[in-house]
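Breakdown of the fold
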Amino acid sequence: MIGLIGTQDFGSALDRMLRSVAGFDLSVAFAYPYDKRPIVLHDGYTAKVSASALSAYLGGAYLLDPFYVACCGGQPPGLWRMRELAPDQFFRSDFSGSAEVHPCISMESGVLVEEIGFVIPLEDGVQATYSLMRGLGGVPFSDEELLCLKIYEPIVREAVRSNWRQQSHAVAATPRDDDAIETAFDSLCADRLTRQQRNIVRLILRGHSNLSIGKTMSIAEGTVRIHRKNIYRRLGISSEGALFRIFIDHLNRRQLY
């Protein structure tokens, strides 16, 4: 694996090394530069995931990915289960079960059993994730398997960092601005929703419950319910699924320009 750093075979070699420790069905690695689309560092799922899913993910659906959110929030390096990072109702959300938008969680056949990911700091504030996934019909990663994979975490981290440097991914260092990063949310229904309502929409789509949204925004749970009702009324919808559909259509329109 070390001998293939900087070559097009690096990702496959990384997969082979870790499959000797614990089996998995799919893998993918993304770098998340400041205020830009994710960069695909390794594609270990193309044969099982539609091209439209990857396009939608890179077009803005990554904003709902718990690993992306964790990276923006300064998640410490290491190996994490997605369920350790995801909001309280994430796995009930339309996003987590959609084969249309998220290649890491969903395939044509449905929702994955589990995703785990290495969070890897690169240079200039850029973060990367390298995810391992098990599909339907499998079982979640056991605690023993996770412990064995964690032994390899320093090797994975430094190998991915070295590969990034050798591949000459130049990303300018820029102060982070959360409002600028998430322009897809800023412009979502901006003609009908206030900024506070758009912030609530962002948390709804990411899988937060009313209680979690209230804690995040320091407002009462009842106030969140009122905001949600007003958001649905302004948008002429009646469900979270319809809200998710509006978001995906918004991403598709943004990609046309």
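Our structure's up above, just so we're on the same page.
Described below are features of the structure shown in this document. Along each chain, numbering runs from 1 in the same order as the chain's sequence is written. In keeping with the model being predicted, local features are shown solely for residues with a pLDDT of at least 70 and side-chain atom pairs are shown and tallied solely at 80 or more, while totals for entire chains, interfaces and linings include all residues. Note: side-chain values were computed over all heavy atoms of the structure, leaving out hydrogens and water.

Re the packing of helix α9 (residues 195-206) against helix α11 (residues 221-235)
Note on definitions: angles span 0 to 180 degrees between N-to-C directions of axes, and those axes are lines fitted to C-alpha atoms, for helices only across the stretch in contact. To qualify as a helix, a DSSP run of H or I must reach at least 4 residues; to qualify as a strand, a run of E must reach at least 2; elements of each kind are numbered from the N terminus. Contact geometry of α9 with α11 gives a least axis separation of 10 Å together with a crossing angle of 100°. With respect to each other, α9 and α11 are oriented roughly perpendicular. Every residue of α11 that contacts α9 at Q196, Q197, I200, V201 and I204 is listed here: H227, R228, N230, I231 and R234. Each residue gets one label: Ala, Val, Leu, Ile, Met, Phe, Trp, Tyr, Cys and Pro are nonpolar, Asp, Glu, Lys and Arg are charged, and the others, such as Gly, are polar. Counted by class, the contact of α9 with α11 contains 4 nonpolar, 4 polar and 2 charged residues. Throughout this description, any angle smaller than 35 degrees is read as roughly parallel, any larger than 145 degrees as roughly antiparallel, any in the 65 to 115 degree range as roughly perpendicular, and the remainder as oblique. Residues count as neighbours in contact if any of their non-hydrogen atoms are within 4.5 Å of one another.

Some details on the sheet that holds strand β1 (residues 26-32)
On the basis of which strands lie adjacent, the open sheet formed by 5 strands has the order β2-β1-β7-β6-β3 and antiparallel pairing. Whereas interior strands pair on both sides, the edge strands pair on one side only; in this sheet they are β2 (39-44) and β3 (78-81). Recorded for the sheet is a direction-independent mean angle of 15° between the axes of neighbouring strands. Inspection of the sheet shows β1 paired to β2 by 5 bridges, in the antiparallel sense. Paired with F30 across the two strands is V40, which belongs to β2. Packing of helix α5 (residues 143-151) onto the sheet brings it into contact with β3, β6 (114-121) and β7 (127-134), and relative to β3 it is tilted by some 160°. In this analysis, strands are considered paired if DSSP registers two or more bridges between them.

Quick word on empty space enclosed by the protein
To find leftover empty space, a probe the size of one water molecule is rolled over the atoms. Any residue with an atom within 4 Å of a point lines the site, the site being either a cavity, points on a 1 Å grid over the protein atoms alone where a 1.4 Å probe fits but cannot get out, or a pocket, an open set with protein on both sides within 12 Å along at least 5 of 7 lines. Grid points are joined across faces, edges and corners, and a volume is the space filled by probe spheres set on the points. Summed over the entire model, instances satisfying the criterion amount to 3 cavities of 30 Å³ or more. Empty space within the largest cavity amounts to approximately 50 Å³. Lining of the largest cavity is provided by F10, L14, A29, L41, H42, Y130, V160 and N163. For the lining of the largest cavity, the secondary-structure elements that each account for two or more residues are α1 (10-19), β2 and α6 (153-166). Its residues assigned to classes, the lining of the largest cavity shows 6 nonpolar, 2 polar and no charged.

Structural notes on α6
Every helix has an expected span of 1.5 Å times one less than the residues it contains. The first and last C-alpha atoms of α6 sit 20 Å apart over 14 residues, in line with the 20 Å expected at 1.5 Å per residue. We call a residue buried when its accessible area falls under 20% of the maximum for its residue type, exposed when it is over 50%, and partly exposed in between, using a 1.4 Å probe and counting protein chains only. Buried within α6 are the following residues: E153, V156, A159, V160, R161, S162, N163 and W164.

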